[in-house]
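Listed here are the chains, written in short residue letters.
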Amino acid sequence: MRAERRSLPIADADEDWRWQLKNAVRTLEDLKARLALSPAEREATRRLLEAGGLPLTITPHFLSLIDPSDPDDPLRRQVVPSELEGVPDPWGRRDPLGEEDHEAAPNLVHRYPDRVLLLVTDRCASYCRFCTRKRLVGQGPTPRLAELEEALGYVARHEEIKEVIVSGGDALMLSDEKLDRLLARIREIPHVEIIRLATRMLAFAPMRVTEGLLDVIAAHHPVYVLSHFNHPRELDDNAKAAVLRLTGAGVPVLNQTVLLKGINDDEACLTELFRTLTRLRARPYYLHQCDLAPGTAGFRVPLERAMEIVGNLRGRLSGLSMPQLVIDIPGGLGKVPMFPSPVTREDDEGVELRGFSGRTARYPKR
Ligand SMILES: *Cc1c(COP(=O)(O)O)cnc(C)c1O
Ligand code: SF4
C-alpha cells in the first residue's frame, strides 16, 4: 500500500490523455509494428476493418501493459481482433439489451422508472472486442450537446427520474469543458439527484483524471464514477493513481467487470482484481455475464461456471470486495443478480441453508 501512495503524482496536463488518443493504434500496419500478430489475428483484423463496425483502437498506455510475447495475454485478447470474434454465435443479437426499443428520446434509454441512461458519445479511447454496444460504438456521428436537448427535455418532464447515467461510448471522452456544460445542464433539472459517469478511461488512459476533471466533477456533486476494470494487470501504477485521485477527492468509484472466457474467468484473478480495487476505495459493483452482442460467443463464460465462480468467492472474499454477478436480460428486461441458491432443502416449517464452507443448518420460515 505504501508503494501505491508513493506512485500518486502523475502528469497533470490535458495533453497527456489527448496524446494517448492521438497516438492510438488504429490500423493493421501500426498494430503489426507493435505486436507480433498471429496469422489468425492478422486475418481477423483485416476482415473486421474491411467490414466496418467496431473500430480497432488501442491507446499506447494500454498497449504498454500487454506482454508482446504472450499470444494469450488477457489484456491483448480484450482489444486485439482475433478468431474469437468469428466463433459461430447463434445467440448473438445486434441490440442485445433492446436499447432501441426503450429509447425514450434520441440517445436516451429509459428502462427502469427512476433512472435513465444518456448516451453522450459513441467514442472510447480503445475498443473492447466484446462491447455490448458494438452496433454503434466508434461509428459516429457523436452527438453535439444541442442534440441532447430532446433527451434532457424528456428527463425534465419526468419527475420520477432521480438518476442520470452518463455513458456512451465513454463519458470521459468529452472534454472537461463539454462535460462541465453537460453536467450543469443536467443539474438544472431539480428532481435529478444523482449523476453517474460510466467510463473505461481509467484503464485505457488513466491520465484523463486531471485536476481539471476533478474540479468539474466537484462542481456537480453527487457524482458517482462507474469504472470498468476486467483484470488486475489493468491496474498499473497510473491506473491506481487515477482511481486514488478520484476516491481521494471524495468521488465514490464503483467498478464493473465483464466476465470473459480465458481472460478473467478464474477465482484467483478476480480475487486479486477485487481486492486491489477495494484497497483503492473503489467498490466492486457488478460482475457482468457477457451480453449477447454478435461475435461474443468466444468470450462468454458458461453460466454454470459463472455461478460456480461466484459461489467460490462468496464468503472467502470480504463483502466489501464482492460484486454481484448480473445478467442483463435480453430484450431490455433489466439486470438480474445470479448466484447459487443457498437453499438445499425446504419444507413447510423451514429451509436448510448451506454456508460458504459447505455446512448446512435450518432456519424457520416464520
Ligand atoms: C444498467 C442500466 C441501468 C443502471 O442499473 P443499476 O442496476 O442501477 O446499476 C440503468 N438503465 C439502463 C438502461 C441500464 O442498462
Ligand atoms: S469501453 Fe465500454 S463502450 Fe467502449 S468499447 Fe469497451 S465496453 Fe464498449
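Above this text is the structure in question.
Throughout, a residue's number is its position along its own chain's written sequence, starting from 1. Both sets of labels track the order of writing: A upward for chains, 1 upward for ligands. For this predicted model, a pLDDT threshold of at least 70 governs which residues receive local features, and a threshold of 80 or more governs which side-chain atom pairs are given and counted, while totals over whole chains, interfaces and linings are taken from all residues. With hydrogens and water stripped out, all remaining heavy atoms of the structure feed into the side-chain values.

Caption draft 1: The arrangement of the sheet that holds strand β13 (residues 360-364) in detail. The sheet built from three strands is open, its strands ordered β11-β12-β13 with antiparallel pairing. At either end of the open sheet lies a strand with only one pairing partner, and these are β11 (343-346) and β13. On average, adjacent strands in this sheet sit at an angle of 25° to one another, irrespective of strand direction. Strand pairing is defined by DSSP finding a minimum of two bridges between the two strands. Strands here are runs of E lasting at least two residues and helices are runs of H or I lasting at least four, both read from the DSSP assignment and numbered beginning at the N terminus. Relative to strand β12 (residues 350-354), β11 is paired through three bridges, and the arrangement is antiparallel. Within the sheet, the bridge partner assigned to Arg345 lies in β12 and is Glu352. For every element, the axis is a line fit to its C-alpha atoms; helices are fit only across the contacting stretch, and the angle between N-to-C directions ranges from 0 to 180 degrees.

Caption draft 2: Representation of the site of ligand 1. A single heavy atom is enough: if one lies within 4 Å of a molecule or strand, its residue is considered near that molecule or strand. Every residue close to ligand 1 is listed here: Val109, Arg111, Tyr112, Arg115, Leu117, Ile165, Arg196, Tyr285, Tyr286 and Lys335. For this analysis, a polar contact is any N or O atom pair within 3.5 Å, provided that within protein one partner can donate a hydrogen and the other can accept it, and provided that sequence-adjacent residues contribute only side-chain to side-chain pairs. The separation between an oxygen atom of ligand 1 and a polar side-chain atom of Arg111 is 3.0 Å. A distance of 2.9 Å separates an oxygen atom of ligand 1 from a polar side-chain atom of Arg196. Computed with the Shrake-Rupley method and a 1.4 Å probe, the accessible areas treat only the protein chains shown as cover for residues. Considered on its own, ligand 1 offers 390 Å² of accessible surface; in the complex 91% of this is hidden by protein. Secondary structure elements with two or more residues in the shell around ligand 1: β2 (108-112), β3 (115-119) and β8 (282-289). Class assignment of the residues belonging to the shell around ligand 1 gives a composition of six nonpolar, no polar and four charged. Residues are grouped as follows: Ala, Val, Leu, Ile, Met, Phe, Trp, Tyr, Cys and Pro are nonpolar; Asp, Glu, Lys and Arg are charged; every other residue, Gly included, is polar.

Caption draft 3: Structural detail: the side chain of Asn264. Mapped onto the elements of the fold, Asn264 is located in the loop between β7 (253-259) and α12 (267-279). Categorising residues by exposure relies on relative accessible area from a 1.4 Å probe, with only protein chains included: less than 20% of the type maximum marks a residue as buried, more than 50% marks it as exposed, and the intermediate range marks it as partly exposed. With relative accessibility at 0%, the residue Asn264 sits in the buried group. In terms of polar contacts, Asn264 uses its side chain to reach the backbone amide nitrogen of Leu260, at 2.7 Å. When sequence neighbours within four positions are dropped, the list of residues in contact with Asn264 reads Asn230, Thr257, Val258, Leu259, Cys269 and Leu270. In this description, contact between two residues means that some pair of their heavy atoms is separated by no more than 4.5 Å.

Caption draft 4: Spatial organisation of the nonpolar core. Formed by 90 residues in total, the largest nonpolar core has its most connected members in Leu118, Val166, Leu182, Ile186, Leu197, Phe229 and Leu246. Sequence-distant contacts of Val166, that is, excluding residues within four places in its chain, are made with Leu118, Val120, Ala171, Leu182, Leu183, Ile186, Ile195, Arg196, Leu197 and Ala198. As used in this record, nonpolar core signifies buried Ala, Val, Leu, Ile, Met, Phe, Trp, Tyr and Cys residues forming a set joined through side-chain atoms within 4.5 Å. Listed in part, the five residues of the second largest apolar core include Leu54, Cys124, Tyr127 and Cys131.

Caption draft 5: Highlighting the sheet that holds β3. Strand order in the open sheet formed by 10 strands is β1-β2-β3-β4-β5-β6-β7-β8-β9-β10, with mixed pairing between adjacent strands. Of all the strands in the sheet, the pair left with one neighbour each is β1 (103-105) and β10 (334-337). Neighbour-to-neighbour, the strand axes of this sheet turn through a mean angle of 30°, independent of strand direction. As defined by bridge partners, strand β6 (residues 223-228) adjoins β7 across four bridges and the pair is classed as parallel. Bridge assignment links Leu226 to a residue of β7, and that residue is Leu254.

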